[in-house]
Amino acid sequence: MRVGDIVNILDARIVCGGDRQEYTIDVAFASDLMSDVLTLKNDHVLLITGLANMQTIRTAEMSDIQCIVFARNKKVTREMVDLAIENDIIMIECRYSVFRTCGLLYQAGVKPIY
Amino acid sequence: MKVKDIVHLLDLTVYSGEQGLDREVTGGYVSDLLSDVMGRADTGQLWVTLQTHKNVMAIASLKDLSAVLLVNKQKPDANTAEQSNEEGIPILGTTMGAFEVTGKLYELIR
Amino acid sequence: MHHEYNIVGGDFTRAGYASSQVKKILRNLDVDTAIIKRTVIAAYEAEVNIVAHAYNGIITLDIDADSIRIVLDDMGPGIEDIEQAMQEGYSTASDKVREMGFGAGMGLSNIKRNADELRINSEVGRGTQVEIVMYR
Ligand SMILES: Nc1ncnc2c1ncn2[C@@H]1O[C@H](COP(=O)(O)OP(=O)(O)OP(=O)(O)O)[C@@H](O)[C@H]1O
Ligand SMILES: [Mg+2]
């Protein structure tokens, strides 16, 4: 699924990487625990999380995750944006809960990892 | 929909708190951050998490959640299971990850 | 080639900086991308462990033609039972660390899965040394 479609489905806002709406994700993964995210081997993963801090971006950097949806109305900081841009990471802010975010994307056909 | 209906429909494991299987599920809450659940989860919601920390049951009980669903093959430790039995709040389990099981749950109880 | 980084315990803003530098260095050396990914995931988990569980530490990176060696040496409480600490799900992380997105007890098993060689030495009350070796 295209990043642009994800943004539409979630009625969300792209914070950075807005020029990459054509980037496509293959699978989604939801977690707030970074060591859990660091077990993933897939490429083109969408990370859905309610953890909005510098380590969310670092974790994406280390696991080559290029797109993050911050649910629960979490706002990213300037510092996070700078680090995300440096690492070509697309960040999306979404006011829905993680429950609703997963539900809507799953319904729209986004596949899980396992 | 009751906890036991969801157990049946999603083929979940029941680890403990069987007396609570008749609790009504009013919605879902997905989070691994305990303070977030304390702050934002609502009565009757089914809590989907990877957390097996001992404080999980204390929070589930304080917030009067309908059940705790551990994802990705996580199991409760003995203490947590015991507390779940005392509180009558079931701890459930699945091999699915949070995204997948939540996707299915959303179709049932959104 | 030799590099060194200082790590400050409790500083979750900066955690991951050293591992990020390691990633850049390995990329510039054209190391295989799959090896880079395994290396930086192991390094990052070990770096975060210093930030989460110890007071301060030093990370050294040494690269030669055949291998990448990362040693993480910290001053901290140490690990009493390393075998127990290695078990997935075992964690003594504080509430603060858990709110930062860590404390699943999966870090050390992630390191083990990704590293070609892993050695951990620890002395309670002094600190912990983690050595990660990757073959190029
Ligand atoms: N550098 C260290 N100094 C002291 N104790 C450590 C150190 N590294 C690990 N430990 C101990 O080993 C336990 C397990 O570490 P591990 O990295 O597997 O999990 P965690 O850090 O608790 O959580 P996660 O890595 O999943 O965020 C820690 O909770 C801690 O008790
Ligand atoms: Mg760790």
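S.K.: Help me understand the pairing of strand β3 (residues 45-49) of chain B, please; the structure alone is not making it clear to me.
M.R.: All names here are of chain B. Burial analysis of β3 places five of its five residues in the buried class, the great majority of the element. Burial along β3 is two-sided: Gln45, Trp47 and Thr49 and Leu46 and Val48, pointing in opposite directions, are all buried. As paired elements, strand β2 (residues 27-30) and β3 share four bridges and run parallel to each other. Within β3, the position partnered with Gly28 by the bridge is Leu46. Handedness of the crossover is the feature at issue here: the chain leaves β2, passes through helix α2 (residues 34-40), returns alongside β3, and the resulting connection is right-handed. Across four bridges, the pairing between β3 and strand β4 (residues 67-70) is parallel. By the bridge assignment for β4, Leu46 is matched with Ala67.

S.K.: Would you explain the pairing of strand β5 (residues 127-135) of chain C in this entry?
M.R.: Working note: regular strand, side chains alternate between the two faces of the sheet. Residue and element names in this part refer to chain C. Judged by how many residues are buried, β5 sits mostly within the fold: seven of nine residues are covered. Bridge analysis of strand β3 (residues 67-75) against β5 gives nine bridges, and the strand direction is antiparallel. By the bridge assignment for β5, Ile68 is matched with Met134. Pairing between strand β4 (residues 117-123) and β5: seven bridges, direction antiparallel. Bridging across to β5, Asn121 finds its partner in Gln129. With antiparallel pairing between neighbouring strands as the criterion, β4 and β5 make up a hairpin whose turn holds three residues, including Gly125 at a positive phi of roughly 90°.

S.K.: Could you clarify how one ought to interpret the interface of chain B and chain C in this entry?
M.R.: Accessible area lost when the parts come together is the quantity often used to give the size of an interface. If you look at the interface, chain B gives seven residues, while chain C gives five residues. Roughly 520 Å² is buried in total at the junction of chain B and chain C, and carbon and sulfur atoms are behind 44% of that figure. Of all residues in chain B, Leu33(B), Gln51(B) and His53(B) bury the most surface against chain C, accounting for 53% of the area lost on that side. Scanning the region where chain B abuts chain C turns up zero salt bridges.

S.K.: Hey, could you run me through the packing of helix α3 (residues 54-62) of chain A against helix α1 (residues 17-28) of chain C in this one?
M.R.: A pair of packed helices is characterised by two quantities: the angle between their axes and the separation of those axes. Orientation of α3(A) relative to α1(C), taken along the N-to-C sense of each, is 25°, at an axis distance of 11 Å. Overall, the two elements α3(A) and α1(C) adopt an arrangement that is roughly parallel. Between α3(A) and α1(C) lies a crossing whose hand is left-handed. Together, Arg58(A), Glu61(A) and Met62(A) of α3(A) and Tyr17(C), Ser19(C), Ser20(C) and Lys23(C) of α1(C) make up the contact between the two elements.

S.K.: Where do I start with the packing of aromatic side chains in this structure?
M.R.: Any pair of aromatic rings gets described here by the distance separating the centres and the angle formed by the planes. Evaluation of the coordinates by the stated rule reveals three aromatic pairs over all chains. The ring of Tyr23(A) carries Arg20(A) above its face, with NZ or CZ at 4.9 Å from the centroid. Note that Arg14(C) overlies the ring of Tyr17(C), its terminal NZ or CZ placed 4.5 Å from the centroid.

Rules used throughout
Think of each chain on its own: its residues are numbered from 1, step by step along the sequence as written. Key to labels: chains lettered from A, ligands numbered from 1, both in the order written. Local features are withheld for residues below a pLDDT of 70 in this predicted model, meaning they are given only at 70 or higher, and side-chain atom pairs are given and counted only at 80 or more; totals for whole chains, interfaces and linings count all residues. Note that the side-chain values use all heavy atoms of the structure and ignore hydrogens as well as water. For every residue, the accessible area obtained with a 1.4 Å probe (protein chains only) is divided by the maximum for its type, and the residue is called buried under 20%, exposed over 50%, and partly exposed between those limits. A run of H or I in DSSP counts as a helix once it spans at least four residues, and a run of E counts as a strand once it spans at least two, with each numbered from the N terminus. Whether two strands pair depends on DSSP finding at least two bridges between them. Handedness rule for crossovers: strands pointing away from the viewer, path from the first strand over the helix to the second running clockwise, crossover right-handed. Whether two residues are in contact is decided by their heavy atoms: any pair within 4.5 Å suffices. As used here, buried area is the combined drop in accessible area, with a 1.4 Å probe, of two parts when they are placed together. Basic side-chain nitrogens of Lys or Arg form a salt bridge, by our definition, when they fall within 4 Å of a carboxyl oxygen of Asp or Glu. Axis geometry follows a simple rule: fit a line to the C-alpha atoms, using only the stretch in contact for helices, then measure angles between N-to-C directions, giving values from 0 to 180 degrees. An angle below 35 degrees is read as roughly parallel, one above 145 as roughly antiparallel, one from 65 to 115 as roughly perpendicular, and any other as oblique. Here a crossing is taken to be left-handed if its near helix is turned anticlockwise relative to the far helix by less than a right angle, and right-handed if that turn runs clockwise. Working definition: rings of Phe, Tyr and Trp (its six-membered ring) pair if their centres are within 6.5 Å, and the pair is stacked with planes under 30 degrees apart, edge-to-face with planes over 60 apart, and tilted otherwise. By the criterion adopted, a ring carries a charge over it if an Arg CZ or a Lys NZ lies within 6 Å of its centre and within 35 degrees of its normal.

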